[in-house]
Each structure stands twice: as structure tokens, then as C-alpha cells.
Amino acid sequence: MPNVSHDTLHGFLPGRPKALNRALDLLGLGIPPGVTTETLPTDASGAPKMFTRSMDSVLRVVRPDGLDPFILLVEAQSGIEAKKETSWPYYVAYLRDRYKLEVVLLVLCVDAATAAWAARPLRTGLGRPTQVTVPHVLGPANVPRVSRIQDASTDLDFAAFCLWIHTNDPDIGGILTVMGEALAQNSDREARDDLAGLIEDGLGSEHARKIWRNLMETLFTPRRGTIVGDARLAGQEEGREEGREEGRAAGKAEQLLRLMERRGFPVTEEIRQRVITCTDMPLLDLWFDRAIDATTLDEIFARPSATDRVPAPAQSPDHTAVPGQESRNPGPSVT
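Here the structure is a predicted model, which is why all the values come from computation and not from measurement.

Looking only at helices and strands, the chain features 14 helices and seven strands. By residue count, 45% of the 335 residues in the chain fall in the buried class. Put simply, 63% of the contacts in the chain that link residues at least 6 apart link residues at least 24 apart. Of the accessible surface of the chain, which amounts to about 16900 Å², a share of 52% is contributed by carbon and sulfur atoms.

Given below as C-alpha cells:
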């Protein structure tokens, strides 16, 4: 479903040919560097009175080697949507008929399960298929995980794209730190501030956004006079202490998840969401301490008892550790 992170993901590459070229290289299409692009309409309704059919991003890509241009349809997927199994073949057929050029369907996925689903050939027909649509997919398995500052600095745009693809990585804090350090070295402050804002927009996880905001406050002060810079500075001045608390909670949540994974606990998506959405630092500390020696998830997430050392703030009316925390952060049953 369209949202800020979805729109940023599919809309980022079209305006950055160099990063787009590197993304196309990952598909093995043999397209040399130096492509130019033209943004095309995304309305595929076909007739004025039909219901709206809207594609994500559509580009006419001109090759530097003199071969025919092609149409690139870029779709961003944060999850599995059965309706795309019929809409994608329609989009490809529509674009092929309208522009009389070859069409490449590129699907961008931020998790492995969605990427595996999106890569399946889509066939229709009886006996021999009448039409077969085979999407190209970029996801965590084939997009590099930028883990060195010098690699990120070489191409900040491509590094930002890779970062979004790996937004659900267990070590997202480390990936964000590398990107932040590389971005802080950029001498073009206006470009740096704008990209910092775009990176935050493209992160699909609130947990990752909190880490990124904390990094930006630590690494550099955005330049006044830009929309992104002024907004960020205003937010820092109005909620600096709140931001620090959120950053500390996000960091502790990340440490807890890594500890649980290292100890072999089955960290399901429900467990992950329960941990990263918890903003109660004393409760996170309690879970972390338990995870050091616990043998089951039940032991980690059991309700605090009278013998547990939970500081007073976690038991106050605003931060009730037992019933309040459970209602704010519904998680899997751990009976």
C-alpha cells in the first residue's frame, strides 16, 4: 500500500541515473554506464471512465550504446499482494502496446519472503501459456549490504538505495551508522541535508527511523535555510530529550534482539515488533537481563514479579510495566 517509504523507494532511482545504472547491473542486463531517463505517466487506466490503475514509476531508459531504448516499470513491494499477480501482467502488456518498446518489470522488495514471491513467473492460458510475465526482483539476497564507510561514500545515492532494501536487517543500526558516517563526510551541506531527509522517509521501520534521527543529531547539525534542515532543527529544539530517550530505547531493543538471536531463540516477526515498539527502558533492561541466562522465551517475557528490580518509572501510571505495557505492545502469547 502506498506510503512515504513506499513512494520514496520506487521514486528514488528514476531521478538518479548513476544509481539506477548500478541497480540494473545487479540484474545482469548488460547495460553499460551512462543511461539517461525520461519519466512517463503512471496512469494505466486505459479509458477515462474505467477504474483507476496506477503504476508506481515508469521510465523510458535510453541506452548509451545506441541500442533501442526500453521501458522500465518500477514497483515497490513491502509485502505479498495477490492482486499484483494480475495487475503486473496487465501493466507490462499496456506499456508494450502504448510505447512499442521492450518492457522491463523491476520489483523492489525489503524482505526475502516478498522477494521470493515476486520473482515467480506469472502465467495465464490453457495448455501452452498465452502470456508469461517474469519480474526482475531486487531484494536483500541480491542487493549489497553496504558495511564500509568508503563504499558508501563512493556513491551515496546507491548506498541509500541499498540501505532501504536492508531496512529489516537485524543489524540495521550498524548499517545506518556506516551511512551516517559517510554522509557526514559530504562537503555539500545542502545535498547532505536533503539526502538525510530522504533516507528517513525511505525507512519503512519506525525502529530504524529512531536510530537514524539519533545518528543525525550526533553526527551533524543540519543547515538552516533548507526545508529539511529547518524542520529537523525545530524538532531537535522542541523534543531533544524525548529524542534521546527514543534513541536509547531503540538501541536497547536492537541489543536485546541481537542477544536473543545469538542465543538461538526463535525471533519471530511478532516478537521483533513487540521489542522494537517498546519504549519503556526499565522493561527493556529487565528483558535484556533475563535473556542472558533464560532458556525459553517465556522466561524473558514473563510479567515482572515482586523480586524483579524494575525501577519506579516503569510502574508509574504512565508507564505501567505489567498491564499497560502488554496493551500498548501486543505480542505473541508466551504462556
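Here we come to helix H3 (residues 84-99). Because the α-helix completes a turn every 3.6 residues, residues three or four places apart line up on one side. Helix length check: H3 (16 residues) gives 22 Å between terminal C-alpha atoms against 22 Å at 1.5 Å per residue, within 8%. Buried within H3 are the following residues: Lys84, Ser87, Trp88, Pro89, Tyr91, Val92, Tyr94 and Leu95. Turning to H3, the residues buried within the fold contact strand E2 (57-62), strand E3 (70-77), strand E4 (103-109), helix H4 (112-118), strand E5 (122-124) and strand E6 (131-133). One or two steps after H3, the chain reaches Lys100, where phi turns positive at roughly 55 degrees.

Our next topic: the environment of Leu67. Structurally, the position occupied by Leu67 is in the loop between E2 and E3. C-alpha of Leu67 to C-alpha of Ile31: the two residues are 36 residues apart in sequence and 9.8 Å apart in space.

This brings us to the packing of aromatic side chains. The full count for this structure, using the stated rule, is six aromatic pairs. Look at Tyr90 and Tyr94: their rings are 6.2 Å apart centre to centre, the planes differ by 25 degrees, and that puts the pair in the stacked class. Taken together, the positions of Tyr90 and Tyr94, both in helix H3 and four residues apart, correspond to about one turn of that helix. Look at Tyr94 and you get buried, because its relative accessible area is 18%. Ring geometry for Trp287 versus Phe301: centroids 4.9 Å apart, planes at 70 degrees, classification edge-to-face. Of this pair, Trp287 sits in helix H12 (residues 281-293) while Phe301 sits in helix H13 (residues 297-301), placing them 14 residues apart in sequence. Here the aromatic residues Tyr90, Tyr91 and Tyr94 are joined through ring pairs into a cluster of three or more. Between Lys252 and the ring centre of Phe288, over which it is positioned, the NZ or CZ distance is 4.5 Å.

Glancing now at the pattern of salt bridges. All told, the structure shown has 18 salt bridges when counted by the stated rule. The partner of Asp171 in a salt bridge is Arg258, and the shortest N-O contact between them spans 3.5 Å. Of the two residues, Asp171 is situated in the loop between helix H6 (156-165) and helix H7 (172-184) and Arg258 in helix H10 (residues 227-262); the sequence distance between them amounts to 87 residues.

In this section: the environment of Asp155. Assignment of secondary structure puts Asp155 in the loop between helix H5 (149-154) and H6. Asp155 sits in the buried class, given a relative accessible area of 7%. Each C-alpha atom of the pair Asp155 and Arg22 lies 9.8 Å from the other, and the pair is 133 residues apart in sequence. Discounting residues that sit within four places of it in the chain, Asp155 has contacts with Lys18, Ala19 and Arg22.

With that settled, the discussion passes to the sheet that holds strand E7 (residues 136-138). If you trace the five strands from one edge of the open sheet to the other, you get E1-E2-E3-E4-E7, paired in mixed fashion. Where the open sheet ends on each side, the last strands, each with one partner, are strand E1 (36-40) and E7. Neighbour to neighbour, the strand axes of the sheet diverge by 30 degrees on average, direction disregarded. Summarising the sheet, E1 and E2 pair through five bridges and their orientation is antiparallel.

So, on to the packing of helix H1 (residues 4-12) against H6. In helix packing, the relevant descriptors are the interaxial angle and the interaxial distance, both defined with respect to the helix axes. Here H1 crosses H6 at 140 degrees, and the two axes come no closer than 11 Å. In terms of axis orientation, H1 runs oblique to H6. Crossing angle aside, the handedness with which H1 passes H6 is left-handed. The residues of H6 that touch H1, namely those facing Thr8, Leu9 and Phe12, are Asp157, Ala160, Phe161, Trp164 and Ile165.

Once that is clear, we can look at the side chain of Thr114. Position of Thr114 relative to the elements: it lies in helix H4. A relative accessible area of 3% means that Thr114 is categorised as buried. Beyond its immediate chain neighbours, meaning those up to four positions away, Thr114 contacts Gln77, Ser78, Gly79, Ile80 and Cys109.

You can see Glu200 is positioned in helix H8 (residues 189-202). On the accessibility criterion, Glu200 (14% relative accessible area) is buried. Within the structure, the side chain of Glu200 is placed 3.0 Å from the side chain of Arg213, a separation counted as a polar contact.

Unlike most non-glycine residues, Lys100 shows phi in positive territory, near 55 degrees. Summarising the element assignment, Lys100 is placed in the loop between H3 and E4. Lys100 gets classed as exposed once you look at its relative accessible area, which sits at 56%.

Conventions adopted
Residues numbered from 1 in each chain as written. Predicted model: local features only at pLDDT ≥ 70, side-chain atom pairs only at ≥ 80, totals over all residues. Heavy atoms only, no water. Helix = DSSP H or I, 4+ residues; strand = E, 2+ residues; numbered from the N terminus. Buried < 20%, exposed > 50% of the residue type's maximum accessible area, 1.4 Å probe, protein only. Contact = heavy atoms within 4.5 Å. Areas by Shrake-Rupley, 256 points an atom, 1.4 Å probe, with all protein chains shown as cover. Expected span 1.5 Å × (residues − 1). Phe/Tyr/Trp six-rings, centres within 6.5 Å; stacked < 30°, edge-to-face > 60°. Lys NZ or Arg CZ within 6 Å of the ring centre and 35° of its normal. Salt bridge = Lys/Arg side-chain N within 4 Å of Asp/Glu carboxyl O. Pairing = 2+ DSSP bridges. Axes fitted to C-alpha atoms, helices over the stretch in contact; angles between N-to-C directions. Parallel < 35°, antiparallel > 145°, perpendicular 65-115°, else oblique. Left-handed = near helix turned anticlockwise from the far one by under 90°. Polar contact = N/O pair within 3.5 Å; in protein donor to acceptor, adjacent residues only side chain to side chain.

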